[in-house]
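Below are the chains, spelled out letter by letter.
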Amino acid sequence: MKTNTKLLHDYPVIDVSTGASSIPKYQTSTFHQQKLYDDSQQFSYTRFGNPTVHALEEALASFENARYALAYSSGMAAISNVLMLVKAGEHIILPTEVYGGTCQFVNEVLPNFHIETTFVDFADLHAVEAAIQSNTAMLYVETPSNPLLKISDIEAIVALAKKHEILTAADNTFMTALHQSPLGYGVDIVVESMTKFINGHSDVVAGLAATNDEVLYEKLKLYQKNFGAILGVEDAWLVLRGMKTMGLRMERSIENAEKIAQFLAQHPQVKQVYYPTLAHHKGQAIHMKQAQNGGAVLSFELHTKEDLIRFTERVQLPILAVSLGGVESILSHPATMSHACLPAHERLNQGICDELLRLSCGIEDIEDLLEDLAQALQ
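Nothing here was measured: the structure is a model prediction, and the numbers come from that model. (Residues numbered from 1 in each chain as written. Predicted model: local features only at pLDDT ≥ 70, side-chain atom pairs only at ≥ 80, totals over all residues. Heavy atoms only, no water.)

Draft legend 1. Seen up close, the sheet that holds strand β11 (residues 330-332). Reading across the sheet, the five strands line up as β8-β9-β12-β11-β10 and stay open at both edges, with mixed pairing between neighbours. The open sheet has two edge strands with one neighbour each: β8 (270-274) and β10 (319-320). This element, helix α10 (residues 246-265), spans β8, β9 (297-302) and β12 (356-360) of the sheet and lies at about 15 degrees to β9. (Pairing = 2+ DSSP bridges. Helix = DSSP H or I, 4+ residues; strand = E, 2+ residues; numbered from the N terminus. Contact = heavy atoms within 4.5 Å. Axes fitted to C-alpha atoms, helices over the stretch in contact; angles between N-to-C directions.)

Draft legend 2. Spotlight on the state of the cysteines. By the definition in use, this model includes zero disulfides. You can see cysteine 361 has no disulfide; the closest cysteine sulfur is in cysteine 353, sitting 19 Å from it. (Disulfide = S-S within 2.5 Å.)

Draft legend 3. Fine view of the environment of histidine 267. Structurally, histidine 267 can be placed in the loop between α10 and β8. Since its relative accessible area comes to 16%, histidine 267 is described here as buried. In the structure, histidine 267 is positioned 128 residues away from leucine 139 in sequence and 38 Å away in space, judged by C-alpha atoms. (Buried < 20%, exposed > 50% of the residue type's maximum accessible area, 1.4 Å probe, protein only.)

Draft legend 4. Seen up close, α10. Between its first and last C-alpha atoms α10 spans 28 Å; for 20 residues at 1.5 Å apiece the expected length is 28 Å, and the two agree. Burial in α10 covers these residues: Met246, Gly247, Arg249, Met250, Ser253, Ile254, Asn256, Ala257, Ile260, Ala261 and Leu264. (Expected span 1.5 Å × (residues − 1).)

Draft legend 5. Here's a closer look at the side chain of threonine 168. By the secondary structure assignment, threonine 168 is in strand β5 (residues 167-171). Once you skip the residues sitting within four places of it in the chain, threonine 168 turns out to touch Leu139, Ile157, Val158, Ala161, Gly186, Val187, Asp188 and Ile189.

Draft legend 6. View of the packing of helix α3 (residues 75-83) against helix α4 (residues 100-108). Remark: α3 packs on α4, axes separated minimally by 10 Å, with the N-to-C direction vectors making an angle of 40 degrees. By the angle between their axes, α3 is oblique relative to α4. Seen from above, α3 lies across α4 with right-handed handedness. Within the contact between the two elements, α3 uses Met76, Ile79, Ser80 and Leu83 and α4 uses Gly101, Thr102, Phe105 and Val106. Partitioned by chemical class, the residues of the contact of α3 with α4 number five nonpolar, three polar and no charged. (Parallel < 35°, antiparallel > 145°, perpendicular 65-115°, else oblique. Left-handed = near helix turned anticlockwise from the far one by under 90°. Nonpolar A, V, L, I, M, F, W, Y, C, P; charged D, E, K, R; others polar.)

Draft legend 7. Looking closely at the sheet that holds strand β7 (residues 207-211). One open sheet holds the seven strands; their spatial order is β1-β7-β6-β5-β4-β2-β3, and the pairing between them is mixed. Strand pairing shows two members of the sheet lacking a second neighbour, β1 (68-72) and β3 (116-120), which therefore form its edges. Averaged over all neighbouring strand pairs, the angle between strand axes comes to 20 degrees, with direction disregarded. Of the pairings in the sheet, the one linking strand β4 (residues 136-142) to β5 comprises five bridges and is parallel in character. Pairing of glutamate 142 across the sheet is with aspartate 171, part of β5. Packed onto the sheet, α3 meets β1, β2 (91-95), β4, β5, β6 (189-193) and β7 and runs at close to 155 degrees relative to β6.

Draft legend 8. Representation of unusual backbone geometry in the model. Following threonine 143, the chain continues into proline 144 via a peptide bond in cis, with omega recorded as -10 degrees. You can see proline 144 is positioned in the loop between β4 and α6 (154-163). Omega for the bond connecting asparagine 146 with proline 147 falls within 30 degrees of zero, at 10 degrees, which places this linkage in the cis form. One non-glycine residue, threonine 176, adopts positive backbone phi at about 65 degrees. Turning to its location among the elements, threonine 176 is positioned in helix α7 (residues 176-179). Note on threonine 176: relative accessible area 1%, which makes it buried. In this structure, serine 202 takes a positive phi of about 55 degrees despite not being glycine. Note that serine 202 resides in the loop between β6 and β7.

Draft legend 9. Expanded view of the pattern of salt bridges. For the coordinates displayed, the defined rule picks out ten salt bridges. Glutamate 155 is paired through a salt bridge with lysine 289; the nearest N and O atoms lie 3.8 Å apart. You can see glutamate 155 sitting in helix α6 and its partner lysine 289 sitting in helix α11 (residues 284-290), a full 134 residues away along the chain. The residue arginine 252 makes a salt bridge to aspartate 365 at a minimum N-O spacing of 2.9 Å. Residue arginine 252 is located in helix α10, and its partner aspartate 365 is located in the loop between β12 and α14 (366-377); the two are separated by 113 residues in the primary sequence. Judged by its relative accessible area of 30%, arginine 252 is partly exposed. (Salt bridge = Lys/Arg side-chain N within 4 Å of Asp/Glu carboxyl O.)

Draft legend 10. Summary view of the packing of α10 against α14. Axis separation between α10 and α14 bottoms out at 10 Å; the angle between their running directions is 30 degrees. The orientation of α10 relative to α14 falls into the category roughly parallel. For the element pair α10 and α14, the recorded crossing hand is right-handed. For the pair α10 and α14, contact is made by Arg252, Asn256, Lys259, Ile260, Phe263 and Leu264 and by Ile366, Leu369, Leu370, Leu373, Ala374 and Leu377, respectively.

Draft legend 11. Looking closely at the environment of glutamine 316. With respect to the helices and strands, the residue glutamine 316 is situated in the loop between α12 (305-314) and β10. Sequence separation of glutamine 316 and aspartate 372 is 56 residues, and the distance between their C-alpha atoms is 6.5 Å. Ignoring sequence-local partners within four residues, the contact set of glutamine 316 consists of Asp372 and Gln375. From its side chain, glutamine 316 meets the backbone oxygen of arginine 314 in a polar contact 3.0 Å long. (Polar contact = N/O pair within 3.5 Å; in protein donor to acceptor, adjacent residues only side chain to side chain.)

Next comes the structure, spelled out in structure tokens:
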């Protein structure tokens, strides 16, 4: 099946008991047991499994071209469960510019479990290999990164990990499996925030993890159940609804992002634009080797903090908010939003200055978006 057909048909979409064209919300915490000592009943308690959530997980496995997928209560719930696969005394290598929530979890939580971490520039494979220790258990990649859209070579990182018998995990939130497939390059586990493009309507917080490895899946399932990191039934139903239009939504959002990136790159009031398909973007060739397009997110830097404040006060269409991936364009200020949990020196070390803005492009008419950006930049 091709993309839009697959998103509509390649998973359970019809309720087998009623013929309903939408999987119902099985809004229940528990299930009547027909018999004692009978292991054949699939569902017993919603923290262990629920028909609505199960339907979503089957949809996600199809979407990711994976054997297994798990739905989580947030993107960070998925990320933290994956990172907790590493045992006490072991070591994880992550990109310097990893998502702020991931960075905080690594810096504030993992040391309590005696798990070591090192941050390096994943664009420099020699630096990544030099950071590998005898106890290194995982390479964690995020490409394009948040918010500077730095590019890592997924295939090369997987080859390096296999050489040293190390797990690989990839945060694929910005591109999604529609436009980049880390599992297809041999990554062991993919995580995504479904809050973003998969749901696409800024009304759900959710995450996913997908893998082709049964052992890893069983471990993650155990952690999901025991950490209570499960997705609610209402949210699962909303994601099932949202992902049906994902292909069409992202097609429009990416088209808008490409045109806006070109516009901003030529504007004198803009100091720098970060978007993977721009000719000057570092890693552009690598990105286009492993992804189908530049995605729907870009970042840009203005000259002064005063310019930034003036712009955010004048722009009309994008909402000024945390998050990304909605049908509406969303303008974010990483220094005070997605990366506010990091100390100022750490943000600057990642290249995240106060003058930086991130724009998640929605499905508005491009003429209106460009006109609004132009007047805000005057």
